[in-house]
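Descriptive structure summary
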Amino acid sequence: MKIPALFKEYIWLIETINRSGKITFAELNELWKSREESGDGEFSRTTFNRHRDAILDMFGIIIDCDRHDGNRYFIYNKEVLKEDSVQNWLFSTMSVSNMLNENLALHNRILLESIPSGNEKLQQIIKSMRESRRIRITYRRYGAAAAYTFVVSPYCVKLFRRRWYLLAKNENMRPYYGYGGKEESFAIFSLDRMEKIELMDAKFAIEQEFDAAAFFNECFGVVIADGSKPTRIVLRAYGNEPHYMRDLPLHNSQKEIRKTAEYTDFELMMRPTPDFLGYVMSKGEWLQIISPAVLAEEVVKMHQNAIERYKKGSREEKKALF
């Protein structure tokens, strides 16, 4: 994605002020003139104010002025740059894209991860959300012999582990898709398993009190219908795992409650869904569930089953050799 010059200026202004903490307009102007793109031109006050308004509209970032500290400018709501918000994701994406465009000579040394869902499906779903139109999706679950067709109301999309997911609602769905015992039925659909999407003329109205972030607040990822309840979970991390968990918390409720030379304990308040247990298991000896005991036993069984499969595979391989 090629970033237009105007957007590059927005990105530069946000990053410069954020990096400086506080900065005067005169200091901004000097830094602006040192940019190759500026051609030693001045950064006019009119352009600056126009950029401030555009940055607020586009990213929700407020550039404020502290009149009691030498009229220095700063990011008023820096928390926006740390949140899992669309604004932060958009800014981060554009910032990285801008950096990559300026370093195309290094393209074979900058490795990225692809998202298999595809932009076309995401564009259709976002269009239906914007216009409050129902969609008809043809969907094939893993292992299913045939695809099924659903007419749903798209509520939100969520990116998790390199895949886009749709949270949708249809009152006629089977109870399997129900959430939290409520009468209305929600379902999660992976965009890469959608074979077809059709926008319909039928409209729907999303409840005013619906909050997408709050909906997933108790979840580890996108599993919503396994029947589990929010539970206090204590994880014990060994080796370098505590550092990873501090840098990339597993959940917004994560708290560090104990630290020793050998391990660190973290507390989480969340639903112990299968994707969470699978993640814990994937960490092997470096991550252990301490509480509740029933979850620890479940992960132990998963490890035991994995060991048995390895043993079985080894025995079968030896038989094949002889």
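We now turn to the structure provided with this report. (Residues numbered from 1 in each chain as written. Predicted model: local features only at pLDDT ≥ 70, side-chain atom pairs only at ≥ 80, totals over all residues. Heavy atoms only, no water.)

Considerations on the nonpolar core
Counting 31 residues, the largest nonpolar core has Leu167, Phe216, Ile224, Leu235, Phe276 and Ile289 as the members making the most contacts within it. Listing elements by their share of this core, those giving two or more residues are strand 4 (148-160), strand 5 (163-169), strand 6 (186-190), strand 8 (231-238), strand 10 (263-270), helix 8 (274-282), strand 11 (287-291) and helix 9 (293-321). Of all the elements, helix 8 adds the most residues to this core, at 4 residues. In this structure, Tyr10, Ile61, Tyr73 and Ile75 belong to the second largest nonpolar core, which totals 21 residues. (Core = buried A, V, L, I, M, F, W, Y, C linked by side-chain atoms within 4.5 Å. Buried < 20%, exposed > 50% of the residue type's maximum accessible area, 1.4 Å probe, protein only. Helix = DSSP H or I, 4+ residues; strand = E, 2+ residues; numbered from the N terminus.)

Remarks on the pattern of salt bridges
Under the counting rule described, the total for this entry stands at 15 salt bridges. Asp265 is paired through a salt bridge with Arg236; the nearest N and O atoms lie 2.8 Å apart. Of this pair, Asp265 sits in strand 10 while Arg236 sits in strand 8; the two residues are 29 residues apart in sequence, bridging distant segments of the chain. For the pair formed by Asp265 and Arg236, the shared burial category is buried. (Salt bridge = Lys/Arg side-chain N within 4 Å of Asp/Glu carboxyl O.)

Looking at the pairing of strand 5
The buried fraction of strand 5 is high, at 6 of 7 residues. Two elements, strand 4 and strand 5, share 7 bridges in a ladder whose sense is antiparallel. Residue pairing across strands places Leu159 opposite Trp164, the latter belonging to strand 5. Two strands pair when backbone bridges link them, and strand 5 and strand 6 are joined in this way by 5 bridges, in the antiparallel orientation. Within the sheet, the bridge partner assigned to Ala168 lies in strand 6 and is Ala187. (Pairing = 2+ DSSP bridges.)

Re helix 5 (residues 119-130)
With 12 residues, helix 5 ought to run about 16 Å at 1.5 Å a step, and its terminal C-alpha atoms sit 16 Å apart, in line with that. Every buried residue of helix 5 is listed here: Leu122, Ile125 and Ser128. The buried residues of helix 5 occupy an angular sector of 125° when projected down its axis, which confines them to one face. Exposed positions of helix 5 whose direction lies more than 90 degrees from the buried face are Asn119, Glu120, Gln123 and Arg130. Structurally, helix 5 contributes buried residues whose contacts are with strand 3 (133-139), strand 4, strand 5 and strand 7 (194-203). Directly after helix 5, the chain includes Ser132, whose backbone phi takes a positive value near 55°. (Expected span 1.5 Å × (residues − 1). Arc of directions from axis to C-beta. Contact = heavy atoms within 4.5 Å.)

All quantities given are derived from atomic positions and should not be read as evidence of function.
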